[in-house]
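Residues per chain are reported as follows:
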Amino acid sequence: MTDQPPIRIAVIGSGPAGFYAAGHLLKDGVGGHSINLDVDMLERLPTPWGLVRSGVAPDHPKIKSVTRVYEKTAAHPRFRYFGNVTFGEHVSREDLLEHYHAIVYATGSPSDRPLGVPGEQLPGSHAATEFVGWYNGHPDHTHLEFDLLSAERAVVVGNGNVALDVARMLVLAPDELAPTDTADHALDVLAHGRVSEVIILGRRGPAQAAFTNPELRELGELADADVIVDHDELERALAVADPQAEQDITSRRNVEILRDYATRTPKGHHKRIVLRFLLSPAAFLPDEHGRLGAVELIRNELVPAPGGALRAQPTDERETIPAGLAFRAIGYRGIPLPGVPFDERSAVIPNSAGRVLDPDSGAPLPGEYVVGWIKRGPSGVIGTNKKDAQETVDAMLADLAPSSAGERNGASASAQERSPAHVPSTPDPAAVEELLRSRQPQLVTYSGWEAIDRHERALGEPAGRPRVKLTRIDELLHVAAAEQP
Ligand SMILES: NC(=O)c1ccc[n+]([C@@H]2O[C@H](COP(=O)([O-])OP(=O)(O)OC[C@H]3O[C@@H](n4cnc5c(N)ncnc54)[C@H](OP(=O)(O)O)[C@@H]3O)[C@@H](O)[C@H]2O)c1
């Protein structure tokens, strides 16, 4: 450590990417490189953890236990948390550049992607991101309604893990749901839901699916639902060789799991999940009340695309499936932050190894960095963000202390690739807190979040649930305010 005043870093967003970045900074920055670093994390919601709280399925509590790692980071004496602060509303990029040596954008990909198919906006047709936010108690989605009480068949478009989460949540037995932290408003509706068949649609084949093996295998182990795969449709979708997929162990195992499903005799559960392939929605069709009544599908064939992958090409074959609910689970999308460069095409902040790039000159912007989905797009599992954040932190340390930290980290950026250091005019921790409190008097500190956490856990305890989530901002602020300075 040195006697120099600390280098001050603002991390925007408190999901896995933001927390891994903060963790690396506090560990590498202080211990490894003789630089004192202070990290302030700004978060739009009163609560931290991003998609670990509001994206990971409630029946996956082990995945959520990763927050213990983030709690250790939050307990670091050089870490501060400011929740309920919206970047671009309560504080601007320019404000932060006045107070911090560096900003790390970690805002993820909060939006959904449309399919661009007629009828997509009909009542009953939803983005999976909204449904996921709703059952997880995200305050932005609490008010939404999903008509699970009259629809009997749901179609889920997409062959990724979000599609599997959505399908599973729709058919979980009340006993499987009861011990989870599913938001209370959703718990009731899901437990009484009438959906008995969920059809998951892949536009390509099983070898090209983005599922991971444990998640696909889990579908075959549900208490209340059979998993159905038609042998002929599966083999037809595997008929075109895919050398890339054959090299991929996850893809090969997915195919084995699906072939096993195709041999199974249904156990006679009253719910079923059907996996179908080489099918894309061509139109969402209304019923006589103007709600979703059916999905018209078009059959695809696999043809080589430039680069060696196989792409889905529509044929003339069509079929229509009656369905009262549809969820598009075709990937998340990043949204621009006010004043920060954004690449509309890939929906990420343009960057080189985490250094934000000026879109005009292509040069790194001094003092601006990016991690996680808003850096690389919505891919990978939670742990992927650890390595991703390390790359950005290495780049930042190389910029801050080019002759020492960079070399030790092996961050071999040339002088031109490096971002020049940014010098803030007011690197004062008290001044920035005063500014934030003047803009957002209902600031939530980490002790405010700890009060929320204790409160939610206490509510869940009598029923053996990990927590009962507070889902409205006013409730969250009320509980936080009772215990924070
Ligand atoms: N339990 C877990 O570990 C877990 C849970 C949830 C999410 N995640 C991770 O979070 C990330 C995001 O998951 P995700 O499921 O949203 O995305 P994803 O893994 O990227 O899957 C998106 C799926 O949508 C399909 N798709 C895209 N555009 C389409 C279109 N126009 N029509 C039909 N299908 C289309 C894709 O097919 P193509 O391949 O043909 O493009 C792909 O099958 C992934 O990395 C995922 O593994 C992990």
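## Brief notes about the sheet that holds strand β12 (residues 292-304)
No. 1: Spatial ordering of the open sheet is given by β11-β12-β13, a layout of three strands whose pairing is antiparallel. One side of each edge strand has no neighbouring strand; the edge strands of this open sheet are β11 (279-286) and β13 (310-322). Each neighbouring strand pair of the sheet contributes to a mean axis angle of 20°, computed without reference to strand direction.
No. 2: Where β12 meets β13, 10 bridges bridge the pair, whose relative direction is antiparallel. Of the residues in β13, the one forming a bridge with Asn300 is Pro314.

## Let's talk about the site of the ligand
No. 1: By nearness alone, 23 residues border the ligand, and Asn161, Arg203, Arg204, Glu215 and Gly380 come closest of all.
No. 2: In the environment of the ligand, an oxygen atom lies 2.8 Å from a nitrogen or oxygen atom belonging to the side chain of Arg204.
No. 3: In this structure, a nitrogen atom belonging to the ligand sits 3.0 Å away from a side-chain N or O atom of Glu215.
No. 4: In the complex, 80% of the free accessible area of the ligand, which totals 910 Å², lies under the protein chains.
No. 5: Broken down by element, the residue count for the shell around the ligand peaks at three residues, all from helix α7 (residues 161-171).
No. 6: Partitioning the shell around the ligand into residue classes produces 11 nonpolar, seven polar and five charged.

## Quick notes on the sheet that holds strand β3 (residues 79-83)
No. 1: As summarised here, the arrangement of the seven strands in space is β3-β2-β1-β4-β18-β17-β16, forming an open sheet in which the pairing is mixed. Edge positions in the sheet fall to β3 and β16 (351-352), since each has one partner strand and no second.
No. 2: Relative to strand β18 (residues 364-370), strand β17 (residues 355-357) runs antiparallel, the two sharing two bridges. Bridged to Leu357 within β18 is Pro364.

## A short note on the packing of aromatic side chains
No. 1: Overall, the coordinates contain 15 aromatic pairs when judged by the stated rule.
No. 2: On the numbers, 4.6 Å between centres and 35° between planes, the contact of Phe131 with Phe327 is tilted. Highlighted residues: Phe131 in helix α6 (residues 128-135) and Phe327 in strand β14 (residues 325-328), separated in sequence by 196 residues. Like Phe131, the residue Phe327 is buried in the burial classification.
No. 3: Joined through ring pairs, the aromatic side chains of Phe19, Tyr20, Trp49, Tyr70, Phe79 and Trp449 make up one cluster.

## Things to note about the pairing of strand β4 (residues 102-105)
No. 1: Neither face of β4 is left uncovered, since the one carrying Ala102 and Val104 and the one carrying Ile103 and Tyr105 both have all their residues buried.
No. 2: The pairing of strand β1 (residues 7-12) with β4 spans four bridges and is classified as parallel. From the neighbouring strand, Val11 faces β4, where its bridge partner is Val104.
No. 3: Note: β4 against β18, three bridges, orientation parallel. Residue pairing for β18: Val104 is matched across the bridge by Tyr369.

## Examining the environment of Ser109
No. 1: Within the secondary structure, Ser109 sits in the loop between β4 and β5 (111-112).
No. 2: C-alpha of Ser109 to C-alpha of Ala10: the two residues are 99 residues apart in sequence and 19 Å apart in space.
No. 3: With near-sequence residues (within four places) excluded, Ser109 lies in contact with Tyr332, Arg333, Gly334, Trp373, Ile374 and Pro378.

## Focus on helix α13 (residues 249-263)
No. 1: Here α13 is 15 residues long and its end C-alpha atoms lie 22 Å apart, about the 21 Å a rise of 1.5 Å per residue gives.
No. 2: Taken together, the buried positions of α13 are Ser251, Asn254, Val255, Ile257, Leu258, Tyr261 and Ala262. Buried residues of α13, viewed axially, fall in a sector of 165°; they line one side. Residues of α13 that are exposed and point over 90 degrees away from its buried face: Glu256 and Thr263.
No. 3: Buried positions along α13 lie against α10 (213-219), β9 (225-229), α11 (231-237), α12 (243-246) and β10 (271-276).
No. 4: N-cap assignment for α13: the residue whose side-chain oxygen lies 2.8 Å from the backbone N of Thr250 is Asp248.

About the criteria used
Residues numbered from 1 in each chain as written. Predicted model: local features only at pLDDT ≥ 70, side-chain atom pairs only at ≥ 80, totals over all residues. Heavy atoms only, no water. Pairing = 2+ DSSP bridges. Helix = DSSP H or I, 4+ residues; strand = E, 2+ residues; numbered from the N terminus. Axes fitted to C-alpha atoms, helices over the stretch in contact; angles between N-to-C directions. Near = heavy atom within 4 Å. Polar contact = N/O pair within 3.5 Å; in protein donor to acceptor, adjacent residues only side chain to side chain. Areas by Shrake-Rupley, 256 points an atom, 1.4 Å probe, with all protein chains shown as cover. Nonpolar A, V, L, I, M, F, W, Y, C, P; charged D, E, K, R; others polar. Phe/Tyr/Trp six-rings, centres within 6.5 Å; stacked < 30°, edge-to-face > 60°. Buried < 20%, exposed > 50% of the residue type's maximum accessible area, 1.4 Å probe, protein only. Contact = heavy atoms within 4.5 Å. Expected span 1.5 Å × (residues − 1). Arc of directions from axis to C-beta.

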